[in-house]
Every structure is written in structure tokens, then in C-alpha cells.
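# Examining the three-dimensional arrangement
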Amino acid sequence: MLKLDFHPAGRHFLQIPGPSPVPDRILRAMSYPTIDHRGPEFGALGLKVLEGIKKIFKTQQPVIIYPASGTGAWEAALSNTLSPGDHVLMFETGHFATLWKKMAESLGLKPEFLGLPGIEGWRRGVQPQMIEARLREDTQHAIKAVCVVHNETSTGVTSDIAAVRRAIDAAGHPALLLVDTISGLACADYRHDDWGVDVTVSGSQKGLMLPPGISFNAVSPKAVAASKQARLPRSFWDWTEINEMNKSGYWPYTPNTNLLYGLSEALDMILDEGLDNVFARHERLAEASRRAVRAWGLEIQCADPSVYSPVLTGVMMPEGIDADAVRKTIYERFDMSLGTGLGKMKGRMFRIGHLGDCNDLTLLATLAGCEMGLKLAGVPIAASGLPAAMEWLTSQAQGAALKAAA
Ligand SMILES: *Cc1c(COP(=O)(O)O)cnc(C)c1O
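All chains use their own residue numbering, which begins from 1 and follows the written sequence. Local features in this predicted model are restricted to residues whose pLDDT is 70 or higher, and side-chain atom pairs enter the listing and the counts only when it is 80 or higher, whereas totals over whole chains, interfaces and linings include all residues. Only hydrogens and water are removed before side-chain values are computed, so all heavy atoms of the structure are retained for them.

## Regarding the packing of aromatic side chains
Both the distance between ring centres and the angle between the ring planes are used here to describe each pair of aromatic rings. When two rings of Phe, Tyr or Trp (its six-membered ring) have centres within 6.5 Å they constitute a pair, described as stacked for plane angles under 30 degrees, edge-to-face for angles over 60, and tilted for the intermediate range. In this structure the tally under the stated criterion is nine aromatic pairs. Relative to W251, the ring of F42 lies with its centre 6.1 Å away and its plane at 80°, an arrangement referred to as edge-to-face. With F42 in helix α2 (residues 40-57) and W251 in the loop between α8 (239-246) and α9 (257-273), this pair connects stretches of sequence that are 209 residues apart. The same class applies to F42 as to W251, namely buried. Following the ring pairs from residue to residue traces out a cluster consisting of Y66, F236, W237 and Y253. Geometry around F96 places K206 over its ring, the cationic atom sitting 5.5 Å from the centre. A run of H or I in DSSP becomes a helix once it reaches four residues, and a run of E becomes a strand once it reaches two; helices and strands are each numbered from the N terminus. Categorising residues by exposure relies on relative accessible area from a 1.4 Å probe, with only protein chains included: less than 20% of the type maximum marks a residue as buried, more than 50% marks it as exposed, and the intermediate range marks it as partly exposed. Geometrically, a lysine NZ or arginine CZ counts as sitting over a ring once it is within 6 Å of the ring centre and also within 35 degrees of the ring normal.

## Some points on the site of the ligand
Lining the immediate environment of the ligand, one finds 13 residues, of which S69, T71, T153, D180 and K206 sit closest. As used in this structure description, the phrase polar contact means that two N or O atoms lie within 3.5 Å; if the pair is within protein, one of them must be able to donate a hydrogen and the other to accept it, and residues adjacent in sequence are counted only when both atoms belong to side chains. Here T71 contributes a side-chain N or O atom positioned 2.5 Å from an oxygen atom of the ligand. Note that a nitrogen atom of the ligand is positioned 2.7 Å from one of the side-chain N or O atoms of D180. What sets the accessible areas is the Shrake-Rupley method with a 1.4 Å probe; for residues, cover comes only from the shown protein chains. Across the complex, the protein chains shield 88% of the 390 Å² of accessible surface that the ligand would expose by itself. Any residue outside Ala, Val, Leu, Ile, Met, Phe, Trp, Tyr, Cys, Pro, Asp, Glu, Lys and Arg is labelled polar, Gly included; the first ten of those are nonpolar and the last four are charged. Residue composition of the shell around the ligand, by class: four nonpolar, seven polar and two charged. Near residues are defined by distance, with any heavy atom within 4 Å of the molecule or strand qualifying the residue.

## Describing the pairing of strand β10 (residues 215-219)
The element β10 is largely enclosed, with a buried count of five among its five residues. Paired strands, in this sense, are two strands between which DSSP finds at least two bridges. Two strands pair when backbone bridges link them, and strand β2 (residues 63-66) and β10 are joined in this way by four bridges, in the antiparallel orientation. Across the sheet, the residue bridging to V63 is A218, located in β10. In this sheet, β10 lies alongside strand β9 (residues 199-203) in antiparallel orientation, the contact comprising five bridges.

## Brief notes about the packing of helix α11 (residues 323-334) against helix α12 (residues 360-376)
Only the stretch in contact is used when a helix axis is fitted, and all axes are lines through C-alpha atoms; the angle between N-to-C directions ranges over 0 to 180 degrees. In contact at an axis separation of 9 Å, α11 and α12 are set at 115° when each is read in the N-to-C sense. When the axes of α11 and α12 are compared, the crossing they make is right-handed. Across from V326, T329, I330, R333 and F334 in α11, the residues of α12 making contact are G369, C370, M372, G373, L374 and L376. Here the residues of the contact of α11 with α12 sort into seven nonpolar, three polar and one charged. For any helix crossing, the convention is left-handed if the near helix is rotated counterclockwise from the far helix by under a right angle, and right-handed if that rotation is clockwise. For this analysis, residues touch if any pair of their heavy atoms sits within 4.5 Å.

## Points about the sheet that holds strand β5 (residues 143-149)
Overall, mixed pairing links the seven strands, which are arranged β2-β10-β9-β8-β5-β3-β4 in an open sheet. The sheet is open, and its two edges are formed by β2 and β4 (110-114), each paired on a single side. Between one strand and the next, the sheet's axes are offset by a mean angle of 20°, whatever the strand orientation. Examined bridge by bridge, strand β3 (residues 87-91) and β5 share four bridges and lie parallel to one another. When the sheet's bridge partners are listed, L89 is paired in β5 with V146. Lying on the sheet, helix α6 (residues 161-170) is in contact with β5 and β8 (176-180); it crosses β8 at an angle near 165°.

## Considering the pattern of salt bridges
Counted as salt bridges are all cases of a side-chain nitrogen of Lys or Arg within 4 Å of a carboxyl oxygen of Asp or Glu. Inspection of the entire model under this criterion finds 24 salt bridges. Among the salt bridges present, the one from K48 reaches D268, with a minimum N-O distance of 3.0 Å. Within this pair, whereas K48 is found in helix α2, its partner D268 is found in helix α9, the two being separated by 220 residues in sequence. Given the relative accessible area of 33%, K48 is considered partly exposed. Via salt bridges that share partners, K58, D189, R191 and D194 belong to a single interconnected network.

## Side note on the environment of Q301
When you line up the elements, Q301 lands in the loop between β11 (299-300) and β12 (312-316). Expressed as a C-alpha distance, the spacing of Q301 and R38, which sit 263 residues apart in the sequence, is 48 Å. Once residues lying within four places of it in the same chain are set aside, the contact partners of Q301 are W122, R123, T155, G314, M316, M345 and M349.

Quick look at the structure:
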């Protein structure tokens with residue numbers, strides 16, 4: 001990290017799928033002096049971000065903001081709604097789904113891990129029909145919650161949450177629906193209210209373009225009702241007092257003031273661009289990446305085109321090639337960080353993040369860095385991926401659209 005004599009010029013390319021690069025505008029907003037978190041100025045900031053973040057989750061309901069990483073908001077979702085020994089149905093989409101399941105176990109819940117066999121499950125999204133079939137069997141309603149990851153950051157698969165909702169409804173099952181969209185929020189369309197999600201978990205350092213350090217629970221009235229009965233021990237995470245104090249823009253404890261300045265700025269940036277434009281930009285960059293990967297003759301980790309992630313693209317390495325050695329070459333030669341293969345995919349793939357503060361030219365430079373690194377690392381590629389990516393981006397005429405919007 002501290003190789004100060006190495007590639008000192010230009011910007012580091014932080015192309016991991018979170019933390020994503022923090023725009024200068026947000027960094028500057030975060031440098032405002034820290035204020036009294038009980039004073040009048042703070043209340044106005046609190047109310048602004050608590051109202052604004054609802055637009056990103058597409059909810060009219062409260063969104064709780066924690067001074068914690070995403071993992072904390074995972075724990076908050078489980079501990080506010082469930083009781084010791086409760087059965088929960090979770091779906092194995094990848095590394096993050098696996099970590100959430102381990103957390104459920106350590107909290108004293110009884111998670112059941114549904115999934116496709118082998119690495120198949122790590123190449124496809126949540127299978128709603130499997131959830132529906134399992135819930136139909138559960139005639140006693142022992143299962144208290146269904147937990148799924150919206151954008152599985154370890155693989156690059158974005159599951160259909162509306163379809164999971166329909167599966168639960170088709171089975172006529174009362175289980176709560178808990179969704180992790182830590183990396184999906186503000187990149188891919190997400191509708192907390194329309195999709196009938198009971199708790200949505202998210203974090204700051206992915207699509208919201210903030211540094212790590214705050215995370216969220218968007219809650220439904222059904223989730224709030226469940227929290228009145230839930231008996232898992234909780235104190236710091238408890239929604240009740242936070243919700244009460246949030247009504248006037250304050251928190252029961254010291255909130256992350258400077259990150260909230262950043263959040264306020266991020267909300268302005270995202271809502272000024274327009275959520276639909278933000279989603280379209282992510283889709284455009286993701287498609288350009290996939291075209292490059294195909295031109296290289298390499299395989300995309302996500303095997304189902306209907307659930308390709310707009311956030312990141314997982315690139316599988318040919319048999320016998322260590323993906324981490326390729327990443328190391330790219331880091332050392334081109335000062336670019338790519339995501340490592342996690343869990344079952346360790347060493348077998350790398351991940352290109354194209355989320356947050358990323359545009360056409362950022363992406364092209366990223367793809368160029370990947371391509372040069374693949375060549376240097378001796379990975380055989382069929383052809384350059386850059387022409388394919390450039391042709392796609394050119395066909396989208398986004399440059400003109402950007403100026404027209406200004
Ligand atoms: C990043 C991420 C997490 C973990 O969040 P932390 O902020 O590292 O605690 C969990 N789930 C998903 C899908 C993620 O992308």
C-alpha cells in the first residue's frame with residue numbers, strides 16, 4: 001500500500017465492487033466542521049437525509065441509519081424481527097449470502113440454506129420457485145423469515161426480488177421478507193414498498209459513493225409489528241428509540257455526522273441525475289464490460305443473462321490460471337484494484353466494479369487495464385475487448401445526452 005515511489009502520478013483506479021470511488025464533491029462536503037449532534041443545525045441535516053434516503057429505497061416508511069458497516073445492518077434486520085430458535089429460509093447466491101447465514105446461526109437462529117448444487121448457485125440468482133415449494137411444505141408456518149441478497153457482490157448476479165415476493169404470496173405464507181441490497185442500492189432499480197419487502201439492508205460504500213461507515217434498515221409496518229414481539233437480544237440496533245428520535249432529526253447516540261454530510265451530498269447528486277438515469281448508466285457500463293469479456297473469449301461468472309448485475313462483472317479465468325496473480329499484475333503495473341474471487345470462487349475469477357462514480361471513459365480505462373494485465377499475466381485472449389466496448393458505448397450516444405441534460 002505504502003509504495004510511495006510507485007506510480008505516483010494520476011488517480012488510483014478503485015474498480016472493486018465497493019468501496020467505490022468517492023467523488024470530490026462528497027469528500028469536500030464531508031470536510032465541513034463536525035457540529036453539535038443535539039443542536040438545531042444538526043436536526044435539519046438529520047431530517048433532510050432521513051427524508052431523502054426514502055426516495056432511494058422507494059419507500060414511504062422509516063429508514064434507520066446506523067453508524068456501522070453493512071454487516072451491522074444485517075444484524076439489526078435479524079435481531080429486530082426474530083426470536084431465538086426461529087427458522088429462517090435463506091438462499092445461497094454466493095459469499096455474502098453465506099456470511100449472512102453464518103451470522104443467523106451465531107445469533108441463535110435456525111437458518112435453512114436453499115440453493116442450486118455446487119457452484120451453479122454462484123452463477124445464477126435466487127430461484128423463487130424453490131422458495132415457493134419450500135414455503136408450501138411449511139404448513140405450520142415455522143419459517144419466520146425469507147432472507148435473500150438482491151445484488152450478490154461476490155458473483156455479479158442481481159436477483160428478481162419482486163418474483164421472490166410473488167413466490168411467498170403464492171404459497172400464502174406469512175414469513176417476513178428480508179433483503180440485502182448493500183451493493184444494489186442506487187445502482188439497480190429497487191422498490192422497498194412495491195415489492196413488499198419487510199426489511200431492506202443497505203450500506204454506504206457501494207452505489208451511494210460514500211466511504212464505508214453507515215448502513216441502513218428500511219422497514220415495513222409488518223416488520224415494525226414483528227419487532228414488538230421479537231426476543232433476540234438487541235440494544236444498539238433496536239429500532240424503537242431510534243425511530244422515535246428520528247422524527248425530529250436526531251439519534252439516541254452520536255451519529256456519524258460527517259458521513260451524513262456526505263450522504264446529503266450523495267442524495268443531491270443521485271436525485272439530480274435522476275434514479276432512472278443512474279440505473280441506465282449502470283446498465284450501459286455493465287453491457288460494455290460484458291461485450292469486452294466476450295471478445296476476450298473469457299467467461300462471465302453470471303450464467304443467466306436475465307440476472308446480469310449492473311454493479312459488477314465477474315470474469316472467470318481459464319483452467320489453471322490464478323485470478324489473483326492476474327489481479328496482482330494489474331495492481332502493480334497499472335495501479336488498479338479489482339475485486340478478488342471470494343469463497344468458492346477464490347482464485348478462479350476476478351470482479352470488475354463499474355458502480356457509483358463511473359462513466360464511459362472510466363470504464364474504458366478500466367477495461368484497458370484488465371486487457372493489458374491479462375496479456376502480461378499470460379492469459380490467452382481471443383481478441384481485444386476494447387473495440388466491442390467502444391462500439392457499444394458509441395452506439396448509446398451518451399455524450400450527447402449528458403450535454404443535453406445539462
Ligand atoms: C459489501 C457487502 C456486504 C458487507 O458489508 P460491510 O459494509 O462490508 O459490512 C454484505 N452484503 C453485500 C451484498 C455486500 O456487497
